[in-house]
Each structure stands twice: as structure tokens, then as C-alpha cells.
Amino acid sequence: MPNPIQQLPELLINQIAAGEVVERPAAALKELLENSLDAGATAIQIELVAGGIKRIRVVDNGVGIAASELKLAVARHATSKIASLDDLERVASLGFRGEALASLAAISRLTLTSRRATSAHAFRLQVLGGETSNLEPAALAEGTVVEAEDLFFNTPARRKFLKTESTEFGHADDAATRIAIAYPSVAVSLSHNGRRIWAHATQSPEERIMAILGDEFAGSSITVSEHQPAFSISGHIAMSRYSRAGRDQQYVFVNGRFVRDKLLQHAIREAYADVLHHQRQPAYALFLSLSPDLVDVNVHPAKAEVRFRDSRGMHQFVFHALRKALSQSSTEGSAPQADPGRYITATNNWSPQQLSMETARPIGIPHQVGGGASWRVDSVPQAAEATRFYDVLRGAETAAMPSKSAGSEMPPLGFAMAQLHGIYVLAQNNAGLVLVDMHAAHERILYEKFKLEADRGETASQPLLAPIAFALSLRERTLLDENVELLAKLGFEFGNLSPNEVAIRAVPAMLDRREPHDLLRELITDLAEYGASRAAEGRRDEILSTMACHAAVRANRQLTIPEMNALLREMEDTERSGQCNHGRPTWYQFAMSDLDRLFMRGR
Ligand code: ADP
Ligand code: MG
């Protein structure tokens, strides 16, 4: 028998809605900040306790709420921002659904205190479990204070979905930071557990961006400013010499609203396509503005997505604006880092006896020349790496020496003859010439080795004689704390120095003698990128891959013939050695017949 249909009680309706609107403290905070901005606040103070789970308090100096409207403010579908469908279609305020306070009141202990300029004093209202208290007089200058305590205390199932306090704080910090970037004329401060995390006085848009994105960004960024009748864009983007492993410095605002929009991300990515290596992420803070009736903001409960009426036009506009800015900057020295063309081996001067790359293919993997070849080689030599490389391969070294009588016992990848421009190893095997990308090959070998060790739980840790201090932001610190177990499994050990500094006490033995700073920074970025959604196992492999890339021998490293042979032998023994961790080929075979054809030698 089905249950009878019945109208849900108001509190339950609000609790259901809360799942979408304020699913975590950061979302609740975003709604409160938007309310303050809609109220014309020029100063906003944010106080969080326990990642916002215990308390979110937002104090603003906006226009306030009239005493007679306080109860209405916490009622569902009650808003002062729109009154008709027409209003909705050209809404200029951040809020308009009239849901946030009602939703928040349904899942927390909410206190609303507010004062209009015309009022002799403020009034306070408390809501608990859908029950609203009587108004009480309170002391407050003009503005509003919203306090939400014990989030999800009455919806335990939702509460279970909350992450650790530090993770929730990280998200809330992100939400506040986005607002801070978009509203530089508003003074904003954030404190957590009674400690001041950051504060920005009233600033110019440029000052605010640079304060938040940091000095390195500031030193490598250029201005974007493009205005058309329908759209306009402004902001700052990093030149390709400053790029990131993660998407953590990508801010796009549409009419003052932070959005994560695939279309815009794609347009930006495309604009960087020629100048930025595809594995690196650009950094930017961009502000788009267009008439409100050309963009629909009512397609997502938390308004994190928007829909453009002319999406193609928008894509073109953003792409061209960034392209133009980037091309004007290319004379300013951004080229050396990202000029994939330098590393593509063009063969077309040889016509008509051109060597057909069709005939050159790696054994066991589909041939891929062209797209796969355009990647950047890091050419900074590091002495420690060379030693490490030698250590890793030492075991194979003696066995790998070629012998005169070896004709029939020729190993599949043959024996090394030379190294080309510090990048490729040339080897001779029975079939002809073998060409190996030494970094890509070594990276794959290490990755497989690291995975094997980790699978067996054998990852060795190497204590450092003198611990190394490692400075990190609060966000990075949080990620580190949360992943300390995973990192320990991989051989890292940390000690506590201060909230924004840890001591590295031990590093994975496979990285010994290497400077761990860069790698650790990159690992933390990886962790931020993968987030908690990824399974630990998948994450582990990503991390091992990053470690392998760092540990692998770099280009321009002079290898001895025994080292090169050791590399070839390791390749033969390694699974999937035909491709590096990023899917690029690691070696090619050129058969004698290919070379004969090249020289028109009829054999
Ligand atoms: P919405 O923002 O969609 O209108 P909310 O539930 O967030 O819905 O807020 C309801 C109403 O309460 C708002 O329309 C506004 O009039 C009032 N309000 C909320 N927060 C503030 C604030 N900080 N200052 C002034 N008015 C506020
Ligand atoms: Mg609102």
C-alpha cells in the first residue's frame, strides 16, 4: 500500500531546501556575504568557529533590516530584491530567491540582529527549529549581524557529510576570498577560532588581486581590458612564465558573481594553448560584465553556474581578449618557458628524400609523432639528480656492457652509442636504430618502481640529519594535516613548528639528497586538486607519478655509456615502459630498411 499524499511541514521543506542552498558552512557563508553586499555594506567582518560548523558570524555596516521586516527576512520565499518576473530577468542583486536565511534558520540556531539608520536602536530575533522568538531590543550601529550556530545540529544525516573542521574552514576561506577579490572597495576580514586569518582594507581592484594572488603572480601578470557594446572584460592574467600545477588561482566573475563555467574555462584555456604547456594551469582573475538580461543566473540553487544567451559570442570575446593580451606580452620574455615548437623535430627540410615518420614506430605501442612530441623539457641540470640516477641504475650497470660476441644475444633495445643534445639516447639493436627519450623513460621506470614498493608497503623513509623548515599557507597546512597519513606512507615525516611552518624530518628514501621543497609544494597542489572525492589509491598513484617526474633524470644531463645501457635494461624490465606517465612515447625504433629508404640504398 502506498502512503497517502500529504503536505510537508514548513520546517521540513526548509530543511530539504537547505541541502541545496547551504550544504556546507562555506555555502552558508557565501549567502550571508552576498546579503551584506546587497545591503550596500562597505565593511564586513567574518568570524568562524570550528570551520564554521560551530559558528558563522557575519557583521556588516549595510542598510540593515527594519524591525517590522525581521520576521519576514527569515521566512521562506521572502525577499526585498525582486517582485516580478521582469525583475528576475534583469536582476542586479546577488540574491533574489529569498531562501538563504530561511534555509539557514532551519538547520542551525540563528540569531539576526539589525538596525536601520532611522531606528533608535537595533532589534534581535532568534530562530530555533522553525520557532521564531519575539523581537528584543539590542545595541548595534547601523547594519546587520547574522550568527548561525551548530550547523546541521537537527539534521544528523547531513551533518555526517561535513568534512573535518580544517577542510570546512578551507572551503569557507575560499568562498570569502572570492568575494574579497570581486569587491575590492569593501573592507573584509576573516578570523577563525578567534585568530585573525586575513584582512583587507578598502583597495583598488588591482591592489586587491595582487594582495590575494601574491607577489609572484603580480610580477608576471598582465592587464586584460576589452570593451564591446554587449560584453566587457577586465582583470589580470599571468603570463605563461608563471603557471601552476592546480586550478587554485583561477577566478572568473560574471557581473560580480564567482562562476565555474565550462565555456569560459575553455575559452581561456584555448587562449593559452600556444604558450602554456598543457599540463600546467594558468592563473587569472577576470571580471566579465554584461547586461543582466543576456545572462541567466537562475540555473543553479547556489548560483555557481550561469547561462549566456549568446554563448558562442561570449566564447569568442573572451578568447580574443586574452589572446590579444598574451600576444602583446610575448615580447616581454615569457617565451623560453613555453615554446613547445623548439622541441618538435621537424623533418621537412629533407624533401624529397624525407624520412617518413610513419615508418618509425615504437614496438608495442601505437605510433604517435606530432601532437605527442610537443612538450617542454625542463633543462635545469641538478647535480643531485645525476647521482640519484646513477644509484637507481647501478644494479644493472655491469650486466649491460656490450660484448663483441653478443650478436644473437642482443637485448631488445640494443646497446647505447651516444646521447643527443642531452635529451635522447641513441642505441643500436638488431633491427637498426633505437631512439630513447631519457627523461620520459626514466620517469616511467621510477613510477612503476615506486608503485611496486608502495604496493608491498616497502616505501622506505630517509630521516634528514637536519630537519628542513617548510613555510606554507594556512590552506596548504590544512591539506598537509589531512593527508599526513598518506604522506607518511610514502616516506614523509613532519614536525610542528608554527601554524604556517612545518619541519620536514624525513623524506622518501627514493628521493634522497634531493631538495624536497618543490616536490612537496607540488604534492600539496595535487592534493588540493584531487580533493577528498578521489579514492586514496588513485591519489597515491598521482602522487607517485609526481614524485617520479621529480626524481627522473633531467634533460641536459650527460650520461655515461654504462648509465645509458642501464637505462635500456631497466626499460626492458619495466611494465608499460613504452610510454611515460603522461602518455608520451618513450622510445622509437628506426629499422635499417627505414634508413636505407631514406638514403635510397637498394638493398
Ligand atoms: P535573498 O537574499 O534572496 O533576498 P535571503 O533569505 O538571503 O534572501 O534574505 C532575505 C531578505 O533579508 C533579503 O531580501 C534582505 O531584504 C534581508 N537581508 C538579509 N540579510 C541582510 C543584511 N545583511 N542586510 C540587510 N538586509 C538583509
Ligand atoms: Mg540572500
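We now turn to the structure provided with this report. None of these values were measured; they are calculated from a predicted model. (Residues numbered from 1 in each chain as written. Chains lettered and ligands numbered in written order. Predicted model: local features only at pLDDT ≥ 70, side-chain atom pairs only at ≥ 80, totals over all residues. Heavy atoms only, no water.)

### Concerning helix 10 (residues 262-272)
Under the convention used in this document: Only protein chains enter the area calculation, which uses a 1.4 Å probe; residues under 20% of their type maximum are buried, those over 50% are exposed, and those in between are partly exposed. Helix and strand assignments follow DSSP, with helices taken as H or I runs no shorter than four residues and strands as E runs no shorter than two, numbered in order from the N terminus. Note that the arc is computed from the directions linking the helix axis to the C-beta atoms. In the analysis that follows, any N or O atom pair within 3.5 Å is treated as a polar contact, provided that within protein one partner can donate a hydrogen and the other can accept it, and provided that, for residues neighboring in sequence, both atoms belong to side chains.
Of all the residues in helix 10, the buried ones are Leu264, Ala267, Ile268, Ala271 and Tyr272. Down the axis of helix 10, the smallest arc covering the buried residues is 135 degrees, so these residues share one side. N-capping of helix 10 is provided by Asp261, with a side-chain oxygen placed 3.0 Å from the backbone N of Leu263.

### Some thoughts on the pattern of salt bridges
Put simply, the rule is: Just to be clear on terms, a salt bridge is a Lys or Arg side-chain nitrogen sitting within 4 Å of an Asp or Glu carboxyl oxygen.
Across all of its chains, the model carries 22 salt bridges by this definition. The partner of Glu31 in a salt bridge is Lys30, with the nearest N and O atoms 4.0 Å apart. Of the charged contacts in the structure, one is a salt bridge between Glu99 and Arg76, with a shortest N-O distance of 3.5 Å. With a gap of 23 residues between them, Glu99 in the loop between helix 4 (85-89) and helix 5 (100-107) and Arg76 in the loop between helix 3 (70-73) and helix 4 connect regions that are remote in the sequence. Three or more residues joined by partner-sharing salt bridges are found here, namely Glu47, Arg55, Arg57, Glu147 and Glu149.

### Here's the deal with the site of ligand 1
Test applied: The rule for a residue being near a molecule or strand is that one of its heavy atoms must lie within 4 Å of it. The Shrake-Rupley method, run with a 1.4 Å probe, gives the accessible areas here. Residue values count only the displayed protein chains as cover.
The immediate surroundings of ligand 1 are formed by 19 residues, with Asn35, Thr79, Ser80, Lys81 and Gly98 found nearest. Side-chain polar atom of Asp60 to a nitrogen atom of ligand 1: 2.9 Å apart, as the coordinates give it. Within the contact set of ligand 1, an oxygen atom lies 3.3 Å away from a backbone nitrogen or oxygen of Ala100. For ligand 1, the protein covers 93% of the area, taking 530 Å² as the surface of the free molecule.

### Some remarks on the packing of helix 13 (residues 438-455) against helix 18 (residues 561-573)
Rules: Every axis in this analysis is a line fitted to C-alpha atoms, fitted for helices over the stretch in contact. Angles between the N-to-C directions lie between 0 and 180 degrees. What sets the label is the angle itself: under 35 degrees gives roughly parallel, over 145 gives roughly antiparallel, 65 to 115 gives roughly perpendicular, and the rest give oblique. A clockwise turn of the near helix away from the far one marks a right-handed crossing, whereas an anticlockwise turn of less than a right angle marks a left-handed crossing. Contacts are assigned to residue pairs that have any heavy atoms within 4.5 Å of one another. Note on residue categories: nonpolar means Ala, Val, Leu, Ile, Met, Phe, Trp, Tyr, Cys or Pro, charged means Asp, Glu, Lys or Arg, and polar means any other residue, Gly included.
Taken N-terminus to C-terminus, the directions of helix 13 and helix 18 make an angle of 50 degrees; their axes are 10 Å apart at the nearest point. Here helix 13 is positioned oblique relative to helix 18, judged by the angle of their axes. Note on packing geometry: the crossing formed by helix 13 with helix 18 is left-handed. Along its contact with helix 13, which presents Met438, Ala441, His442, Ile445 and Lys449, the element helix 18 presents Leu567, Glu570 and Met571. Class assignment for the residues of the contact of helix 13 with helix 18 results in 5 nonpolar, 1 polar and 2 charged.

### Details of the sheet that holds strand 23 (residues 587-591)
Short version of the rule: Pairing between strands is defined by DSSP: at least two bridges between the two strands are required.
The 4 strands lie next to each other as 17-18-19-23, forming an open sheet whose pairing is antiparallel. Looking at strand neighbours, the two that pair on one side only are strand 17 (415-420) and strand 23, the edges of this open sheet. For this sheet, the mean angle separating the axes of adjacent strands, direction not counted, is 25 degrees. The sheet contact formed by strand 18 (residues 424-428) and strand 19 (residues 432-437) spans 5 bridges and is antiparallel. Note that in strand 19 the partner of Val425 across the bridge is Val436. The strands that helix 13 touches are strand 17, strand 18 and strand 19; relative to strand 19, the one it contacts most, it runs at about 70 degrees. Across the sheet, helix 18 touches strand 17, strand 18, strand 19 and strand 23, and the angle it forms with strand 17 is around 115 degrees.

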